[in-house]
Amino acid sequence: MTTLNSPLIRALVLALLLPMSMMAHAQEEGTWKLNLKDADIRAFVTQIADITGYSFVVDPRVKGKVTVLSSAPMNKDEIYDLFLAVLQVHGFTAIPGEEVIKIVQQVDAKQSAESLKRFDTIPSEQLITKVIQVNNANALELVPILRPLVAKYGHLAGVAAANALIVSDHSANVHRIEQIVKELDSPSKYEVEVIQLKEAWVGDMVRLLQELAPSELGKQANEAANKYSVTADERSNRLILRGDENFRSKMRELIKKLDQPSASGGTTKVIRLKHADAKSLAEILKGVMGEVAKENQQGQSSSGGSGGGNAGFAIFADEGLNALVVRGEPSIMQEVDTIVDALDVRRAQVLIEAAIVEISDELGSDLGVQFAVADEGNGSTPLAGTNFGNVGLSLGDIIGAIASNEVVSPATGGLSLGLGERNENGITWGFLIQALSSSTAANLLSTPSIITLDNQESEIVVGQNVPFVTGSTTTTSNGVSNPYQTIERRDVGLTLKVTPTISADGLVKLIVEQTTENIADSVESASDLVTNKRQIKTTVLADDGETIVLGGLIREDYSVAKSKVPFLGDIPYLGALFRSESKTKIKRNLLVFLRPKIILSKGDVATITDEKYQGLWNINLGLSKKLGHKIPEDAKRPPINTLFERNRLQPDNFGTPQQ
């Protein structure tokens, strides 16, 4: 039997232990030397775990033999960096986590997240992922340049939105790529240059340059990395270029060739208006653009410019087509388009609803006693009597009627008691007592409404056209009869005249003139008709839909008329037989309310129209009910368009066709 001291056994044991041999100590404490030859990689991981104190999880696919030769002592961090280098040579890598380090194949490393908190200094061979910000260059353009420098199992990509690079590789290689990007990302010599145009208009020039240089100025140019720009300064007709020398030189050549005088010396354009009035807008443009053209002409003369073409401005209004015909230089035409676009807009409308309320109350009370005694033998003159004309009928009328055997109608509004007699001696006497009272109350409500354009005067008149005599004659100066009469007709009724103006914040200014006029009772001293007139002229502010009171008249009249016999009429109680008294009390209240509603769209007009039509329909239903008409339960309001249809069966109030 062979013993352990046998040379063969010793050689066999030495051959088995040699691949696993490691010098764990060197000259100084805390350093190690590694000398391995064809050692199993899993045993190598175990030894590194003992030295570094890290915990490792090894992928089952991690297999192989490793050889490491080291003559210099190394500390723990250097040992771990060497360990990473050995793994890299054999196609593996270590992914540090929160608790353990995973040993996996390099091709799977970029899908795993690493945690580098355990390292004070990141090992140069550690596989990491880093974002490199690019400030001046285009990150996408750097990707094809840097991709060959990244390992096959690494990753390199560009982010256009952030203009940055994402690199996944070993720490040392990532640092190298970062240094290369820093050198390539140096700012170019971008400068700003201003070019004064002499003939062309900057707005047209910018569009031409964008079409001629699409890669630098077109839509397909990347916005994040686009360092070239051409800006139009319309106020001074100048171009502002930004870019490097090559770009600016290219643009200067193009601008020099394009900035030439117009072949026609100006531009003629026909502008069809949608909402504005051509004649009014033409007057505005003549006043504004005429001064601009004059200033441009003077500026070109003072600066020595040639000023190609006619620097003037001409505009004509075609009222038939509601269009403008404009001729001028491109710079002026550009401003004309801007002004027309701002003024040719749909004008707002305003629905103005008014409510005129008049309440009147009139009270009257009359009380009077009259008597008379007359003798026919002494003519028609009474011997004694009282005759008061402020209450009802006069006693003279009564006695005259008695003398002629006529029937006298009593005064209206109360009690009239009269006594009288004529005897055989011709003595006539009469006695009249009248107690009258009257009361009149009226409530008048008018609600006119009208729709008008913003800042446009509108008027509505509801009333009668009444004739007034202005002159007449029957005989000329030479005695010839030539009768004639001149008449003037005038509207008498309700008149509402309004001019609304809408402000930017929805406030409505109203210039209002409201007149209420009616024919009054006849006046004895007047030679023609007498009218009562109430008028308001004012300017007010109101919010959209707000109801405001414009003003009003509150009037109260109280009058007392007494007629009496001196001294006798003042006697208490008995004096009532010798006096008459009339009392009248009149109160009138007149108020005017106004409510504006702003109409901005077609839908608002349709809504208001439907509301008014519905109100008319409700009135028709109410009248039909009062007249006793039978209303079907399924009665529906006919469409509003039926108001304009003719020569067909017309629907009645309840939608039932009638001939």
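Counting of residues starts from 1 at the beginning of each chain's written sequence and follows it residue by residue. Where totals are concerned, whole chains, interfaces and linings use all residues; where local detail is concerned, this predicted model gives features only for residues with pLDDT of at least 70, and gives and counts side-chain atom pairs only at 80 or more. Here the side-chain values reflect all heavy atoms present in the structure, with hydrogen atoms and water set aside.

**Structural notes on the nonpolar core**
We count it as follows: Side-chain atoms within 4.5 Å link the members of a nonpolar core, which is a set of buried Ala, Val, Leu, Ile, Met, Phe, Trp, Tyr and Cys residues. A 1.4 Å probe rolled over the protein chains alone gives each residue an accessible area, and that area as a share of the maximum for its type sets the label: buried under 20%, exposed over 50%, partly exposed in between. Segments assigned H or I by DSSP are reported as helices when at least four residues long, segments assigned E as strands when at least two residues long, and all are numbered from the N terminus.
In terms of nonpolar packing, the biggest core is built from 26 residues, with Phe 44, Phe 56, Tyr 80, Phe 83 and Ile 103 touching the most fellow members. Elements represented by at least two residues in this core include exactly β1 (35–40), α2 (41–52), β3 (65–69), α3 (76–89), β4 (92–96) and β5 (101–105). No other element matches the six residues that α3 contributes to this core. Membership of the second largest hydrophobic core comes to 22 residues, among which are Leu 494, Leu 510, Ile 536 and Leu 594.

**Let's talk about the sheet that holds strand β12 (residues 267–272)**
The pairing of strands in a sheet comes from backbone hydrogen bonds and takes either a parallel or an antiparallel form. The line we're drawing: The pairing criterion for strands is at least two bridges between them, as found by DSSP. To get an axis, a line is fitted to the C-alpha atoms, and for a helix only the part in contact is used. The angle between two axes follows their N-to-C directions and goes from 0 to 180 degrees.
In spatial order, the strands read β12-β14-β13; together these three strands make up an open sheet with antiparallel pairing. What marks the edges here is a single partner per strand, and that holds for β12 and β13 (313–318). Across the sheet, the axes of successive neighbouring strands diverge by a mean angle of 15 degrees, strand direction being ignored. Pairing analysis gives six bridges linking β13 to strand β14 (residues 323–328), with the strands arranged antiparallel. Looking at the pairing, Asp 318 lines up with Ala 323 of β14.

**Re the packing of aromatic side chains**
Inclusion rule: For Phe, Tyr and Trp, where Trp contributes only its six-membered ring, two rings pair if their centres lie within 6.5 Å, and the inter-plane angle classes them as stacked under 30 degrees, edge-to-face over 60, or tilted in between.
The final tally for this structure, using the stated rule, is six aromatic pairs. Measuring from ring centre to ring centre gives 5.4 Å for Phe 56 and Phe 83, while their planes differ by 65 degrees; the resulting arrangement is edge-to-face. Pair noted here: Phe 56 is in strand β2 (residues 56–58) and Phe 83 is in helix α3, with a separation of 27 residues, a long-range link. Each member of the pair, Phe 56 as well as Phe 83, is classed as buried. For the ring pair Tyr 80 and Phe 119, a centre distance of 5.5 Å and an interplane angle of 35 degrees mean the geometry is tilted.

**Considering the sheet that holds β5**
Selection criterion: Throughout, a residue-residue contact means that at least one pair of heavy atoms, one from each residue, lies within 4.5 Å.
The three strands are arranged β2-β5-β4 in an open sheet whose pairing can be described as mixed. On the outer flanks of this sheet lie β2 and β4, each paired with one strand and no other. Direction aside, the axes of adjacent strands within the sheet are offset by 30 degrees on average. Where β2 and β5 come together, three bridges link them in parallel fashion. The residue bridging Phe 56 from the neighbouring strand is Ile 101, located in β5. Contacts from α2 reach β2 and β4 within the one sheet, and its direction differs from that of β2 by about 170 degrees. Lying over the sheet, α3 contacts β2, β4 and β5, oriented at roughly 135 degrees with respect to β4.

**Re the pairing of β5**
When β4 meets β5, the two strands line up antiparallel, connected through five bridges. Residue pairing for β5: Ile 95 is matched across the bridge by Lys 102. Linking β4 to β5, which pair antiparallel, is a turn of four residues.

**Description of the pattern of salt bridges**
We apply this condition: Here, a salt bridge means any Lys or Arg side-chain nitrogen found within 4 Å of an Asp or Glu carboxyl oxygen.
Inspection of every chain in the model, using the stated rule, returns twelve salt bridges. Across the pair Arg 61 and Asp 59 runs a salt bridge, and its minimum N-O distance is 3.2 Å. Judged by relative accessible area, Asp 59 falls into the buried class, the value being 15%. A salt bridge links Asp 233 to Arg 238, with the nearest nitrogen and oxygen atoms 3.3 Å apart. The exposure class of Arg 238 is partly exposed, given its relative accessible area of 29%. Members of the salt-bridge network, linked through shared partners, are Glu 193, Glu 245, Arg 248 and Arg 252.

**Examining the packing of helix α4 (residues 139–146) against helix α5 (residues 171–184)**
Quick reminder of the rule: An angle below 35 degrees is read as roughly parallel, one above 145 as roughly antiparallel, one from 65 to 115 as roughly perpendicular, and any other as oblique. Each helix crossing is assigned a hand: it is left-handed if the near helix lies turned anticlockwise from the far helix by less than a right angle, otherwise right-handed if that turn is clockwise. Residue polarity is assigned by list, with Asp, Glu, Lys and Arg as charged and Ala, Val, Leu, Ile, Met, Phe, Trp, Tyr, Cys and Pro as nonpolar; anything else, Gly included, falls into the polar class.
Where α4 contacts α5, the axes come no closer than 12 Å and their chain directions differ by 130 degrees. One way to sum up the angle between α4 and α5 is to call them oblique. Crossing of α4 against α5: the hand is right-handed. Contacts between α4 and α5 pair Leu 142, Ile 145 and Leu 146 from the former with Ile 177, Ile 180, Val 181 and Leu 184 from the latter. Split into classes, the residues belonging to the contact of α4 with α5 amount to seven nonpolar, no polar and no charged.

**Details of the packing of helix α6 (residues 202–212) against helix α8 (residues 245–258)**
Two numbers describe a pair of packed helices, the interaxial angle and the distance between the axes. The N-to-C vectors of α6 and α8 enclose an angle of 130 degrees; their axes lie 11 Å apart at closest approach. In terms of orientation, α6 and α8 fall into the oblique class. Crossing of α6 against α8: the hand is right-handed. For the pair α6 and α8, the contacting residues are Met 205, Leu 208, Leu 209 and Leu 212 in the first and Met 251, Leu 254, Ile 255 and Leu 258 in the second. When the residues that make up the contact of α6 with α8 are grouped by side-chain class, the tally is eight nonpolar, no polar and no charged.

**With respect to α3**
Convention followed: Each helix should span, by expectation, one fewer than its residue count multiplied by 1.5 Å. What the arc covers is the set of directions going from the helix axis to the C-beta atoms. Polar contact criterion, stated in full: a pair of N or O atoms within 3.5 Å, where within protein one must be able to donate a hydrogen and the other to accept it, and residues adjacent in sequence count only if both atoms are side-chain atoms.
If you check α3, its first and last C-alpha atoms are 20 Å apart, about what 14 residues at 1.5 Å a residue would give, namely 20 Å. Taken together, the buried positions of α3 are occupied by Ile 79, Tyr 80, Phe 83, Leu 84, Val 86 and Leu 87. Buried residues of α3, seen end-on, are gathered within an arc of 160 degrees and therefore sit on one face of the element. Seen from the buried face of α3, the exposed residues on the opposite side, beyond 90 degrees, are Asp 77 and Val 89. Of the surrounding elements, those touching the buried residues of α3 are α2, β2, β3, β4 and β5. Sitting at the amino-terminal end of α3 is Asn 75, which places a side-chain oxygen 3.3 Å from the backbone nitrogen of Asp 77. In the segment just after α3, Gly 91 is the residue with positive phi, at about 85 degrees.

**Quick notes on the environment of Ser 449**
With respect to the element layout, Ser 449 can be found in strand β19 (residues 449–453). The spacing of Ser 449 and Leu 351 is 98 residues in sequence and 7.1 Å in space, taken between C-alpha atoms. Residue contacts for Ser 449: discarding those within four places in its chain leaves Leu 351, Ile 352, Glu 353, Ile 460 and Lys 612.

**Details of α6**
Residues of α6 that are buried include every one of Val 202, Gly 203, Met 205, Val 206 and Leu 209, and no others. Projection of α6 onto a plane perpendicular to its axis shows the buried side chains occupying an angular sector of 165 degrees, all on one side. In the core, the buried residues of α6 are packed alongside α7 (214–217), β10 (229–233), β11 (238–243) and α8.

**Details of the environment of Pro 261**
Locating Pro 261 in the fold gives a position in the loop between α8 and β12. A relative accessible area of 49% places Pro 261 in the partly exposed class. Here the alpha-carbon distance between Pro 261 and Ala 200, two residues 61 residues apart in the chain, equals 7.2 Å.

**Side note on the side chain of Glu 353**
Position of Glu 353 among the secondary structure elements: in strand β15 (residues 349–375). Within the structure, the side chain of Glu 353 is placed 2.8 Å from the side chain of Arg 595, a separation counted as a polar contact. Here the side chain of Glu 353 touches Lys 612 through a polar contact of 2.8 Å, side chain to side chain. Not counting the four nearest positions on each side in its chain, Glu 353 is found in contact with Pro 448, Ser 449, Phe 593, Leu 594, Arg 595, Lys 597 and Lys 612.

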